[in-house]
Amino acid sequence: MLDTSARLLRMLSLLQAHREWTGADLAERLGVTARTVRRDVDRLRELGYPVNASPGTGGGYQLGAGAELPPLLLDDDEAVAVAVGLRTAAGNGVEGIGEASVRALAKLEQVLPSRLRRRVSALNEFTVPMLRGAERSTVDASVLTELASVCRDAERLRFGYRDHEGNVSRRTVEPHRLVCTERRWYLVAWDVDRNAWRTFRADRIEPRPPHGPRFTPRPPPAEDLAAYVSQGVSQRAYAARAVVRLKVSAQEAGRVVGPSDGVLEAVDGQSCLLRTGAANLDVLVIHIMLLGCEFEVVEPPELTDRIRAARDLLGRAVDAGEVKEM
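Since the model is a prediction, treat every value here as computed from it, not as a measurement.

Conventions we followed
Residues numbered from 1 in each chain as written. Predicted model: local features only at pLDDT ≥ 70, side-chain atom pairs only at ≥ 80, totals over all residues. Heavy atoms only, no water. Pairing = 2+ DSSP bridges. Helix = DSSP H or I, 4+ residues; strand = E, 2+ residues; numbered from the N terminus. Axes fitted to C-alpha atoms, helices over the stretch in contact; angles between N-to-C directions. Buried < 20%, exposed > 50% of the residue type's maximum accessible area, 1.4 Å probe, protein only. Arc of directions from axis to C-beta. Polar contact = N/O pair within 3.5 Å; in protein donor to acceptor, adjacent residues only side chain to side chain. Salt bridge = Lys/Arg side-chain N within 4 Å of Asp/Glu carboxyl O. Core = buried A, V, L, I, M, F, W, Y, C linked by side-chain atoms within 4.5 Å. Contact = heavy atoms within 4.5 Å. Phe/Tyr/Trp six-rings, centres within 6.5 Å; stacked < 30°, edge-to-face > 60°. Expected span 1.5 Å × (residues − 1).

> Even after reading the chapter, I still don't get the sheet that holds strand 11 (residues 295-299), so can you show me in this structure?
Two pairing modes exist for strands in a sheet, parallel and antiparallel, and in both the strands are linked by backbone hydrogen bonds. Spatially, 9-10-8-11 is the arrangement adopted by the four strands of the open sheet, whose pairing is antiparallel. Strand pairing shows two members of the sheet lacking a second neighbour, strand 9 (263-268) and strand 11, which therefore form its edges. For this sheet the average axis-to-axis angle between neighbouring strands, irrespective of direction, equals 30 degrees.

> Just checking my understanding: could you explain helix 10 (residues 281-289) for this structure?
One turn of the α-helix equals 3.6 residues, which is why residues spaced by three or four share an orientation. For helix 10, the full list of buried residues reads Leu 284, Val 285, His 287 and Ile 288. For helix 10, the angular spread of the buried residues around the axis is 165 degrees, confining them to a single face. Residues of helix 10 that are exposed and point more than 90 degrees away from the buried face comprise Ile 286 and Met 289. By the N-cap criterion, in which a side-chain oxygen at the helix start approaches the backbone nitrogen of a residue two or three places on, helix 10 is capped by Asn 280, the distance to Asp 282 being 3.1 Å.

> I tried to follow the pattern of salt bridges on my own but got confused; where do I start?
A side chain of one charge can pair with a side chain of the opposite charge when the charged atoms of the two come close. All told, the structure shown has 16 salt bridges when counted by the stated rule. With a closest N to O distance of 3.2 Å, Asp 305 and Arg 308 form a salt bridge. Of the two residues, Asp 305 and Arg 308 are both situated in helix 11 (residues 301-325); the distance of three residues between them amounts to about one turn of the helix. Look at Asp 305 and you get partly exposed, because its relative accessible area is 42%. For Arg 311, the salt bridge identified is with Asp 312, shortest N-O distance 3.3 Å. A relative accessible area of 53% places Arg 311 in the exposed class. Through salt bridges with shared partners, one network takes in Arg 7, Asp 40 and Arg 43.

> Where do I start with the nonpolar core in this structure?
Considering soluble globular proteins, one finds that nonpolar side chains tend to be buried as a cluster. In terms of nonpolar packing, the biggest core is built from 19 residues, with Leu 147, Leu 187 and Phe 200 touching the most fellow members. Every element with two or more residues in this core is listed here: helix 7 (141-153), strand 3 (157-162), strand 4 (168-180) and strand 5 (185-191). At six residues, the largest contribution of residues to this core is made by helix 7. The residues touching Leu 147, leaving out its near neighbours within four places in the chain, are Leu 157, Leu 178, Leu 187, Ala 202 and Ile 205. Counting residues in each nonpolar core, the second largest holds 18 residues, with Leu 15, Trp 21, Val 37 and Tyr 61 among its members.

> Sorry, what's going on with the packing of aromatic side chains here?
Tallied over the full model, the rule gives four aromatic pairs. Ring centres of Phe 159 and Tyr 161 lie 6.2 Å apart, and the angle between their planes is 80 degrees; on these two criteria the pair is classed as edge-to-face. Pairing Trp 190 with Trp 197 gives two aromatic rings, centres 5.7 Å apart and planes at 80 degrees, and the pair type is edge-to-face. For Trp 190, a relative accessible area of 12% translates into the label buried. Its relative accessible area of 17% is what places Trp 197 among the buried residues. Through successive ring pairs, a cluster of aromatic residues spans Phe 159, Tyr 161 and Phe 200.

> How do you make sense of the pairing of strand 8 (residues 240-246) when you look at a structure like this?
If a strand is regular, its side chains alternate between the two faces of the sheet. Among the seven residues in strand 8, five count as buried, and that is most of the element. Alignment of strand 8 against strand 10 (residues 271-278), held across seven bridges, turns out to be antiparallel. Bridge pairing in strand 10 places Val 243 opposite Arg 275. As defined by bridge partners, strand 8 adjoins strand 11 across four bridges and the pair is classed as antiparallel. Its bridge partner lying in strand 11, Arg 245 is registered against Glu 296.

> What is the right way to look at helix 3 (residues 34-46) in this model?
Relative to the 18 Å expected for 13 residues at 1.5 Å per residue, helix 3 spans 19 Å between its end C-alpha atoms, a close match to the ideal helical length. What helix 3 keeps buried is the set Thr 36, Val 37, Asp 40, Val 41 and Leu 44. Looking straight down helix 3, one finds its buried side chains confined to an arc of 140 degrees; they lie on one side. Of the exposed residues in helix 3, the ones pointing more than 90 degrees away from its buried face are Arg 35 and Glu 46. Taken from the residues just after helix 3, Gly 48 is the one with a positive phi, measuring 105 degrees.

Structure representation (structure tokens):
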């Protein structure tokens with residue numbers, strides 16, 4: 001059995017990780033009696049943690065927002081600094097820490113006093129980021145934390161969704177996970193009305209609370225959600241698709257092929273397969289050529305025809321230039 005201090009930290013971690021716990025669930029997780037749970041909740045309250053309790057068979061314990069930060073954690077300036085740093089990382093897709101920053105920000109904002117929320121919001125509102133690359137989409141960090149929260153709490157999400165043509169539709173989904181790339185954030189969710197898994201760009205989502213009710217999470221559409229989303233945004237979304245063999249290793253190809261460009265599959269130490277898509281085959285030819293790698297077409301055979309047509313067109317342009325120079 002955990003000692004009292006370790007048990008209190010474990011209980012606090014559980015309360016931060018999930019919206020609400022029954023006394024019985026907490027007792028089982030901590031390996032103690034329901035009476036010990038009640039006593040530990042009282043200790044957390046004495047330390048300044050606002051643990052709310054609702055009576056009855058459907059009741060439970062929930063970590064609420066307090067009038068001040070709990071002692072021995074962060075002072076006001078430190079809390080604001082951490083929140084701003086997490087917002088920056090979440091909104092700009094910092095490599096390797098984006099998803100973790102959203103989870104941490106959701107926990108922090110849950111207990112921030114209102115006066116500190118206003119300071120963080122003001123700094124966020126009146127700061128203009130200079131982002132690298134025109135293709136990067138901007139997402140309000142509050143939307144990301146709201147999406148992370150409904151994923152964590154298994155609550156149905158209602159939102160307006162704007163497609164690439166600007167048309168807005170109303171969606172009701174069972175959110176599963178957020179997936180981030182360097183340039184964009186995506187929500188993987190079960191679309192209730194369409195009875196299928198869907199991937200939504202987070203910058204096109206406008207949440208329309210209240211959310212709920214709770215749902216029992218389904219098995220995910222794939223074990224590797226990053227690969228699942230990459231395949232969707234780089235292949236399934238396009239009319240023309242292709243598989244080409246790049247004559248470089250998958251590690252080397254990964255330096256020029258991003259998650260939204262295609263899916264790489266290692267063949268051996270000197271080559272890999274690229275599965276990708278585009279609006280049409282001519283755009284695919286340009287896309288593949290810009291990679292700067294030696295390659296051969298696996299499928300479809302029509303892509304080879306379009307490459308020959310591009311070769312002939314470029315050849316005629318070169319020939320015409322040489323004639324003028326003579």
